[in-house]
Amino acid sequence: MLRRNFLKLSAGSAIAAAFASRATAQAGVKEIRIGYQKTGVLVIARQQASLEKHFAPLGIEVKWVEFSSGPPMMEAMNVGSVDYGSVGDSPPVFAQAAGAAIVYAAGQPITNGQGILVPKDSPIRAIADLKGKRIGFTKGSSAHNIVVQTLEKAGLTYADITPVYLTPPDAGPAFANGSIEAWAIWDPYFAIGETKQGGRILINSREVTKTNSFYIANRDFAKNHGAILQQIVDVTAVAGKWAEQHRGEVARSLAAITGVPLDIQTVAADRANFVVGPVTDDIVTTQQGVADRFHKLGLIPKPVVVRDIVWRNPAA
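In this structure, what is going on with the overall build of the protein chain? I would like to understand it.
In terms of regular secondary structure, the protein chain is built from 14 helices and 10 strands. Relative to a compact globule of 316 residues, whose C-alpha radius of gyration would be 20 Å, the protein chain shows 19 Å and is just as compact. For the protein chain, buried positions account for 57% of its 316 residues. Across the protein chain, every contact between residues at least 6 apart in sequence was considered, and the portion connecting residues at least 24 apart equals 79%. Accessible area of the protein chain: about 12,800 Å², with a carbon and sulfur share of 52%. Between the centroid of the 32 positive side chains of the protein chain and the centroid of its 26 negative side chains there is a distance of 2 Å.

Laid out in structure tokens, this is it:
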């Protein structure tokens, strides 16, 4: 049902026809490797096989690679193991500072679905109460940025807390057993912590700052196969438009692909933003602020200019 509905609404066939001549000129592309996490538009695209249906007439296969968070995906993309994937705002900043071979291909504002959790009976009631506390989050992830900006909001510094660097699968049990006193995280783990692990939302990211997620591509893939990358972005955007109007089906699709229970994915899907668009000047400015903040704190070794790695399709 999902696939049939999606194909009726999608412009996939038209996109394929429009770009077919250019795509076939991209010699040597037999497989596209897509990195994804446990939520978001790419999970929908995988469930509905939209990229597979789009590229099959061109003789190109699609391979899906799951990651627990953005930083390992950026590492894989840097070495060419992944061609395209979606991450939060911080992973590409850390990757760019390390000289990774990546570009920003598309952007997506985040309006909800991430923040900081504390146990329901925790004495932590305000941001200022985080002083001296152990906060778990994935280093270099979007949650890292949320922690930094949340502390700034309360006049605290990074030195005022004890960061505990954990992947989401490790942070959940640590939060549940009290090894960490707060957890900065994104959906669906945010929803799991809130509904299954006794969490209380201390702050939503939207209360602190504007945040974005991104669709990142390997730099060489973008340079050598721009027509194909544009098609990937276009199909991703179509899937996002569909998802905005079909959240119940999105939740079922997310649950089927990721194994995260339907009730959790329903919470995540209901509050998510699925609109995929270009990396606008406003998004670049916001992302530059993230990069500058991390450099000021010494979390990245050198300043970076975000605009330098924003991909523009030369054929557009």
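Explain the sheet that holds strand 7 (residues 162-165) here, please?
Pairing between sheet strands relies on hydrogen bonds along the backbone, with the strands arranged either parallel or antiparallel. Read from one edge to the other, the open sheet built from 5 strands follows the order 7-6-8-5-9, with strand pairing classed as mixed. In the strand order of this sheet, the two ends are held by strand 7 and strand 9 (199-204), each with one partner. Strand-to-strand twist of the sheet, defined as the mean angle between neighbouring strand axes without regard to direction, takes the value 30 degrees. Note: strand 6 (residues 134-137) against strand 7, 4 bridges, orientation parallel. Counterpart to Gly136 in the pairing with strand 7 is Val164.

Just to check I follow, could you spell out helix 5 (residues 70-78) for this structure?
Every buried residue of helix 5 is listed here: Gly70, Pro71, Met73, Met74, Ala76 and Met77. Each element contacted by the buried residues of helix 5 is listed here: strand 1 (31-36), strand 3 (84-87), helix 6 (90-97), strand 4 (102-110) and strand 10 (211-218). After helix 5 finishes, the residue Gly80 shows a positive phi value of roughly 85 degrees.

Help me understand the environment of Ala182, please; the structure alone is not making it clear to me.
With respect to the secondary-structure elements, Ala182 resides in strand 8 (residues 182-186). Residues Ala182 and Lys133 lie 49 residues apart in sequence; the distance between their C-alpha atoms is 7.6 Å. Apart from the residues within four sequence positions on either side, Ala182 is in contact with Ile116, Leu117, Val118, Leu130, Arg134, Ile135, Gly136 and Phe175.

Sorry, what's going on with the sheet that holds strand 10 here?
An order of 2-1-3-10-4 is seen for the 5 strands of this open sheet, with the pairing classed as mixed. Every interior strand has two partners, whereas the edge strands, strand 2 (61-66) and strand 4, have only one. When strand polarity is set aside, the average angle formed by the axes of neighbouring strands in this sheet is 20 degrees. Examined bridge by bridge, strand 1 and strand 2 share 6 bridges and lie parallel to one another. Opposite Gly35, over in strand 2, you have Val65 as the bridge partner. Sitting on the sheet, helix 5 is in contact with strand 1, strand 3, strand 4 and strand 10, with an inclination near 155 degrees to strand 3. Packing against the sheet, helix 14 (residues 281-296) makes contact with strand 4 and strand 10, and its axis sits at approximately 95 degrees to strand 10.

Cut-offs and rules
Throughout this document, residue positions are counted from 1 along each chain, in the order its sequence is written. Owing to the predicted nature of the model, reporting of local features is limited to residues with pLDDT of at least 70; listing and counting of side-chain atom pairs is limited to 80 or more, with chain, interface and lining totals taken over all residues. As a convention, hydrogens and water are excluded, and side-chain values are obtained from all of the structure's heavy atoms. Elements are defined by DSSP. Helices are runs of H or I of four residues or more, strands are runs of E of two residues or more, and each kind is numbered from the N terminus. Radius of gyration here is computed from C-alpha atoms only, and the compact-globule reference equals 2.2 Å multiplied by the residue count raised to the power 0.38. Buried residues are those whose accessible area, probed at 1.4 Å on protein chains only, stays under 20% of the maximum for their type, while exposed residues exceed 50% and partly exposed ones sit between those limits. Only heavy atoms enter the contact rule, under which two residues are in contact if any of them lie within 4.5 Å. A 1.4 Å probe and the Shrake-Rupley method give the accessible areas. Residues count as covered only by the protein chains that appear here. The sign given to each residue is positive for Lys and Arg and negative for Asp and Glu; His and the chain ends receive no count. In this description, the location of a charge corresponds to atom NZ of lysine, CZ of arginine, CG of aspartate or CD of glutamate. Strand pairing requires that DSSP identify at least two bridges connecting the strands. As a rule, the C-alpha atoms of each element are fitted with a line to give its axis, helices using only the stretch in contact, and angles between N-to-C directions run from 0 to 180 degrees.

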